[in-house]
Protein chains: 2
Amino acid sequence: MNAFERWIPPAQWLKSYNKRDFTSDIVAGLVVSIMMVPQSLAYALLAGLPPEMGLYASILPILAYALLGSSRALSVGPAALIAIMTASFSSQFATPGTPEYNTIAILLALISGAILICMGVLRLGFLANLLSHPVISGFVTGSAIIIAMSQVKHFLGINASGNSLSEIIMSLSASIYATNFYSLAIGLVSLVGLFWLKKYFKNILVRVGFSSYIAGLIAKSGPVFVIILATLVVTTFALVDKQVLVVGDIPSGLPALAMPDWSFDLLKNLLPAAAILSLVGFIESVSIGQAFATRERQKIDTNNEFIGLGSANLIAGFSGGFAVTGSFSRSAVNFEAGAKSQLSGVLAAFIILLSLYFFTDIFYFMPNAVLAATIILAVTSLVDFKAIFSVWRYSKQDGIAMVGTIITVLIYGVDTGIIVGVSLSILLFLWHTSNPHIAIVGQIPGTEHYRNIERHHAEVHPKILTLRVDENLFFANCRTLEEKVSQLMAERTEVKDVVLMFTAVNMVDVSALESLESISESLKSIGVKLHLSEVKGPVMDKLKKSDFLEHLTGDVFLSQHKAITAITQSKVS
Amino acid sequence: MNAFERWIPPAQWLKSYNKRDFTSDIVAGLVVSIMMVPQSLAYALLAGLPPEMGLYASILPILAYALLGSSRALSVGPAALIAIMTASFSSQFATPGTPEYNTIAILLALISGAILICMGVLRLGFLANLLSHPVISGFVTGSAIIIAMSQVKHFLGINASGNSLSEIIMSLSASIYATNFYSLAIGLVSLVGLFWLKKYFKNILVRVGFSSYIAGLIAKSGPVFVIILATLVVTTFALVDKQVLVVGDIPSGLPALAMPDWSFDLLKNLLPAAAILSLVGFIESVSIGQAFATRERQKIDTNNEFIGLGSANLIAGFSGGFAVTGSFSRSAVNFEAGAKSQLSGVLAAFIILLSLYFFTDIFYFMPNAVLAATIILAVTSLVDFKAIFSVWRYSKQDGIAMVGTIITVLIYGVDTGIIVGVSLSILLFLWHTSNPHIAIVGQIPGTEHYRNIERHHAEVHPKILTLRVDENLFFANCRTLEEKVSQLMAERTEVKDVVLMFTAVNMVDVSALESLESISESLKSIGVKLHLSEVKGPVMDKLKKSDFLEHLTGDVFLSQHKAITAITQSKVS
């Protein structure tokens, strides 16, 4: 792979691209664009932004990702989680509905893009790993509930706001008297219709004779029929006169590329929010990309993903859109519709661009309530309470992190939720490793095997104490080892040699090295030698870089058996 | 050990306590108290508090620790690091020299005490482990520089303040024109005198006929002679009239126990500062206690330490003192002077109490400059730049954490320094583990051993890929494993079986479990089986709690050799 192919991933597949691939891409692109238009409008609504900003976020970002990203099936653009996070962060700096608010959302996309590109260049991809699966899962469940609740106002046709569950509910109940029952009817009927289509449409299509493939594609486009129907109802019965809220005016065409108003102070204040936004978006995107790539034995390059998604967000900001990421639902449809390359995405982007020029009149009468219904249906499938139980059963630690994240999201909103979740999972992990399993081992009689004396019938030499540490030795747990040795020495006054068995130790950091030194020093002061056994190559290489081995009172043995043999022999002689 | 002995550690040694132990304790107590009186005054000065608060912090806290703490040699009371942290935190809430400032310092001691007791009760001791040695070492070095610089104003006899190096220097240079040259002379001469005594006094005493033990004890009391001399100079030449600043009035006797003015809001705001203060104090104290306990084959109980140090801080607050911890210099003197139990501490407390009733007149003319000189000499021995090089050579990662902490302490002050240090070391640790060593292993011909093919001449079956993961599998690194498998599968299209060798895996959290599930799922979709080998007991127990094993396409083998044998046989048949 040359440098050009490394930075421009399409160059890798373009050579073997053929007519059949092209036909597949055309079909997939068409299907995806049909899903994408209403989704873009709905997620803009969810983010508290003018509908056209959703469309802007769906055009140039796709092209940027197609050029620089490495996944071939990923559909980049507006997505529910990123939209609600955009809303949550932007509303901390400006009032929704104002031009300032829109500017904040655009800046968030720009800064996120810049952060992602930086992370790619500085190879900081590991930061994305700080989000553990239970935290992400808890975050998604909590956010889905918040998102669904935030859409209720569109059903009721009232104004409401809030980032946490209680804020939203209070805000809703404050204006519930003003409920517009036409909106409510449209919303509820749409929701039932969408649910029904999702559940039965494909089967019905198959039964009337469509092939399973075609039936699947049409069924995925189901929401469009409901949206069109709802729009027709609004126009036919002139419901706008009855105060039913609709998408309304959308300026025709794409705006000129522009940098929004900004100041250094504003950028600095938005930085933490943009960092969280970019990490969550990146994880969402790369997990989806990975899943589909493996199915085709293709590779996802994390670096390309950072650059690809980063450029997509950057261009989203410059073209007046908000933050984007890979969408699971659209990527799945894209993949199933047979997308062979990002050309399907390019086509989808082109169709959305056309719609911006020719269909904005159609969008005018689209009721907000039907868009809210599509969002609610989409996110409720993300709520996964069953996962709590299976996670809890497997590991209390992960369970606490997950439940803690859900609760924090619901009580304090999505932004605090993700920060608390990450801190919680890191602390719980460190807590877990801070209490390493340290076993006293003895010899299985008649063998050269040494095992935990509590689990096996093993013999122990009264003057030798062997401890096996079943964890890496680092700052979070080295003090525990010191305490353990100190305690055991106070109990076993006859012991003259201590052997630390390093079978499971892959790492000894400076803190642990100093702990080992202090253990050696303390033991020396009471006439006890410290030995090591079964030290792995890389760990030994490291130890040799320090002067620990020079000060060590005992020896380092290749195997535990050699250690015991040598020590007992030295005692006899 | 019964419950009484567990909670009141002195009960453990009181039974075997004898007359000789008592004599030793008397001598040690005397020597320590001679050191402690000027130190208490000096550290109160360092904390920006009235001198008597240092004495208050040296009486009842010792008694509380003697009753509830588990170290017999530890000298609890004011200490340099805790004093500068008290100054740094308190000055964020009030102006030094005001009664409000003193109240904040008292509240910090109270809250720290409460936090320590809570951590003991809730067994949150692992939180202290979050401070890695390089971070502590960097923190101590940085703080020592800040402390030394903060004392320069007492040499110059001017007013200055600031928490960071640049703030202090700017503040000093703003009033340097007002330098009092009498103060400066006293300070510099004292510093030279103290330095000379530290270096040569013991040897001289030995040469004139004292035993090494007695010479050592007298030499440790050396600073007292310098302080007395400086005080005499001030009184003799009436230097107070020349504006030389002295300790001044100290109210005679101990104040009544009292709770300072407080509000919930204030407590809430002080909480993070108190938490950091208590953790740093605890680590300082417990490491010192541990070091001396092991030398005597005694045990330190972390729980007793939390309760003991917590009560000491609580009572320090109630008796009008500031936060306390174990002091290394005094504990070392106490231990070397032959202290057998905390009775030496009790005696020292009693002597300090007496001095509060009878010697306050003597303290009046003690010049601040000589106290500043004792502080500067004490802390400069803590500055350890050589450690940076040895840490850096052993591990870049630890080196970055250390240098980062020093620089942050110098630029932003001690409080930000410690937070950045901890975050840095956690992030760097996670970064390290997020890139686990994953080796492709093959069979050493003619043996049942399987080794890294890059390090050994090992044979690999073309249709079987075996990966050994040399790290626990958890959220920070499971994505890396997914990527690695995905990449290798894209490169090796002939592989039909993947074996993951779990020799070094002690933990598989939910994130890793889900990664394994998704690897298994992805491999299944391309007709490849996933197997595990050499899974440890506790890990296997965990896996059985999930439904992972039911969905696993391959098998779990006890040993890698069994895995390879079984898989190759199934291919033949």
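Residues numbered from 1 in each chain as written. Chains lettered and ligands numbered in written order. Predicted model: local features only at pLDDT ≥ 70, side-chain atom pairs only at ≥ 80, totals over all residues.

## A few points about the overall build of chain A
- Within chain A, the regular secondary structure consists of 26 helices and 8 strands.
- Relative to its full complement of 573 residues, chain A shows a buried share of 55%.
- For chain A, the proportion of contacts with a sequence separation of at least 24, taken over those separated by at least 6, is 80%. (Helix = DSSP H or I, 4+ residues; strand = E, 2+ residues; numbered from the N terminus. Buried ≥ 20, exposed ≤ 12 C-beta atoms within 10 Å, placed from the backbone. Contact = placed C-beta atoms within 7 Å.)

## Points about the packing of helix H6 (residues 80–90) of chain A against helix H7 (residues 99–121) of chain A
Residues and elements named next belong to chain A.
- Axis separation between H6 and H7 bottoms out at 9 Å; the angle between their running directions is 125°. Between H6 and H7, the angle falls in the class oblique. Helix-helix and strand crossings are classified by hand; for H6 and H7 the assignment is right-handed. Here Thr-86, Phe-89 and Ser-90 of H6 come into contact with H7, specifically with Tyr-101, Ile-104, Ala-105 and Leu-108.
- Partitioning the contact of H6 with H7 into residue classes produces 5 nonpolar, 2 polar and no charged. (Axes fitted to C-alpha atoms, helices over the stretch in contact; angles between N-to-C directions. Parallel < 35°, antiparallel > 145°, perpendicular 65-115°, else oblique. Left-handed = near helix turned anticlockwise from the far one by under 90°. Nonpolar A, V, L, I, M, F, W, Y, C, P; charged D, E, K, R; others polar.)

## Things to note about unusual backbone geometry
Residue and element names in this part refer to chain A.
- The backbone of Gln-243 sits at a positive phi, close to 65°, despite the residue not being glycine.
- Structurally, the position occupied by Gln-243 is in the loop between helix H12 (222–236) and helix H13 (264–295).
- Positive phi is not limited to glycine here, since Glu-534 has a value of about 55°.
- The residue Glu-534 is located in the loop between strand S7 (529–533) and helix H24 (537–545) in this model.
- The class for Glu-534 is buried, based on 22 C-beta atoms found within 10 Å.

## Looking at the relation of the copies chain B and chain A
- Structural alignment of chain B on chain A gives an RMSD of 0.1 Å, achieved by rotating through 180° and translating 0.0 Å along the axis. Seen this way, the second copy is the image of the first under a two-fold rotation axis. Scanning chain B for the C-alpha nearest the rotation axis identifies B:Ala504, at a separation of 2.8 Å.
- An overlap of 100% is found between the interface residues of chain B and their copies at the interface of chain A, pointing to a shared contact surface. (Least-squares fit on C-alpha atoms with pLDDT ≥ 70 in both.)

## Focus: helix H11 (residues 212–220) of chain B
Residues and elements named next belong to chain B.
- Listed in full, the buried residues belonging to H11 are Leu-217, Ala-219 and Lys-220. Relative to the axis of H11, the buried residues are bounded by an arc of 165° and lie together on one face.
- Close packing links the buried residues of H11 with helix H3 (19–46), helix H10 (181–207), helix H12 (222–236) and helix H15 (328–336). (Arc of directions from axis to C-beta.)

## So, the interface of chain B and chain A
- Tallying the contact residues gives 56 residues for chain B and 56 residues for chain A.
- Elements with a contribution of two residues or more to the side of chain B that touches chain A: helix H8 (133–156), helix H13 (264–295), helix H19 (386–394), helix H21 (414–433), helix H22 (478–491), helix H23 (510–525) and helix H24 (537–545) of chain B.

## Let's talk about the sheet that holds strand S8 (residues 556–557) of chain A
All names here are of chain A.
- Spatial ordering of the open sheet is given by S4-S3-S5-S6-S7-S8, a layout of 6 strands whose pairing is mixed. Across the chains shown, the open sheet's two edge strands, defined by having one partner strand only, are strand S4 (450–452) and S8.
- Pairing of S7 with S8, which is carried by 2 bridges, proceeds in the parallel orientation. Each bridged residue has a counterpart across the sheet, and for Ser-533 the counterpart in S8 is Phe-557. (Pairing = 2+ DSSP bridges.)

## Here's the deal with the nonpolar core
- One finds A:Leu46, A:Ala80, A:Leu108, B:Leu46, B:Ala80 and B:Leu108 to be the most contacted residues of the largest nonpolar core, which totals 359 residues.
- Dropping the residues within four chain positions of it, A:Ala80 is found in contact with A:Tyr43, A:Leu46, A:Ile147, A:Ile375, A:Ala378 and A:Val379. (Core = buried A, V, L, I, M, F, W, Y, C linked by C-beta atoms within 7 Å.)

## Section: the sheet that holds strand S5 (residues 464–469) of chain B
- Taken in spatial order, the 6 strands make up an open sheet running S4-S3-S5-S6-S7-S8 (chain B), and their pairing is mixed. The open sheet is flanked by strand S4 (450–452) and strand S8 (556–557) of chain B, the only strands paired with a single partner.

## Overview of the confidence of the model for chain A
- Averaged over chain A, the pLDDT score is 89; the fraction of residues at 70 or greater is 99%.
- For this predicted complex, the interface score ipTM comes out at 0.76, while the overall pTM is 0.78. (pLDDT = per-residue confidence, 0-100.)

## Observations regarding the domain arrangement of chain A
- Domains assigned within chain A are domain 1 (19–250 + 260–426) and domain 2 (438–572).
- Taking only C-alpha atoms, the centre of domain 1 of chain A and the centre of domain 2 of chain A are 54 Å apart. (Domains from an automatic or database assignment.)

## Section: the pairing of strand S5 (residues 464–469) of chain A
Residues and elements named next belong to chain A.
- Two strands pair when backbone bridges link them, and strand S3 (residues 438–443) and S5 are joined in this way by 3 bridges, in the antiparallel orientation. Note that in S5 the partner of Ile-438 across the bridge is Val-469.
- Note: S5 against strand S6 (residues 497–501), 5 bridges, orientation parallel. Opposite Ile-464, over in S6, you have Asp-497 as the bridge partner.
- In this fold, S5 hands off to helix H22 (residues 478–491), which returns the chain to S6; that crossover is right-handed. (Right-handed = clockwise from strand over helix to strand, strands pointing away.)

## A word on the packing of H3(B) against helix H16 (residues 343–358) of chain B
Residues and elements named next belong to chain B.
- Taken N-terminus to C-terminus, the directions of H3 and H16 make an angle of 45°; their axes are 8 Å apart at the nearest point. On the basis of the axis angle, H3 is oblique to H16. The handedness of the crossing between H3 and H16 comes out as right-handed. Between H3 and H16, the contacting residues are Asp-25, Ile-26, Ala-28, Gly-29, Val-32, Ser-33, Met-36 and Val-37 on the first element and Leu-343, Ser-344, Gly-345, Leu-347, Ala-348, Ile-351, Ile-352 and Ser-355 on the second.
- Residue classes in the contact of H3 with H16 are distributed as 10 nonpolar, 5 polar and 1 charged.

## Concerning H3(B)
Residues and elements named next belong to chain B.
- A rise of 1.5 Å per residue sets the reference length of H3, with its 28 residues, at 40 Å; its end C-alpha atoms lie 39 Å apart and thus fit the reference within 8%.
- Along H3, the helix axis deviates most sharply at Met-36, where the bend reaches about 30°; the proline Pro-38 sits within four residues downstream.
- Of the residues flanking the end of H3, it is Gly-48, one or two places downstream, whose phi is positive at about 75°. (Expected span 1.5 Å × (residues − 1). Bend = angle between axes of the 7 residues up to and from the residue.)

## Points about the environment of A:Ile288
All names here are of chain A.
- Tracing the chain through its elements places Ile-288 in helix H13.
- Judged by C-beta crowding, with 26 C-beta atoms within 10 Å, Ile-288 ranks as buried.
- For the pair Ile-288 and Ser-327, spaced 39 residues apart in sequence, the C-alpha separation works out to 7.9 Å.
- Ignoring sequence-local partners within four residues, the contact set of Ile-288 consists of Leu-74, Gly-326, Phe-328 and Ser-331.

## Brief notes about the environment of B:Glu100
Residue and element names in this part refer to chain B.
- Within the element layout of this structure, Glu-100 appears in helix H7 (residues 99–121).
- Judged by local crowding, Glu-100 falls into the partly exposed class, with 14 C-beta atoms found within 10 Å.
- Taking C-alpha positions, Glu-100 is 34 Å from Ser-132, a pair spaced 32 residues apart along the chain.

## Notes on the environment of B:Leu266
All names here are of chain B.
- With respect to the helices and strands, the residue Leu-266 is situated in helix H13.
- Using a count of 16 C-beta atoms within 10 Å as the deciding quantity, one classes Leu-266 as partly exposed.
- Between the C-alpha atom of Leu-266 and that of Leu-107, which follows or precedes it by 159 residues, the distance is 9.2 Å.

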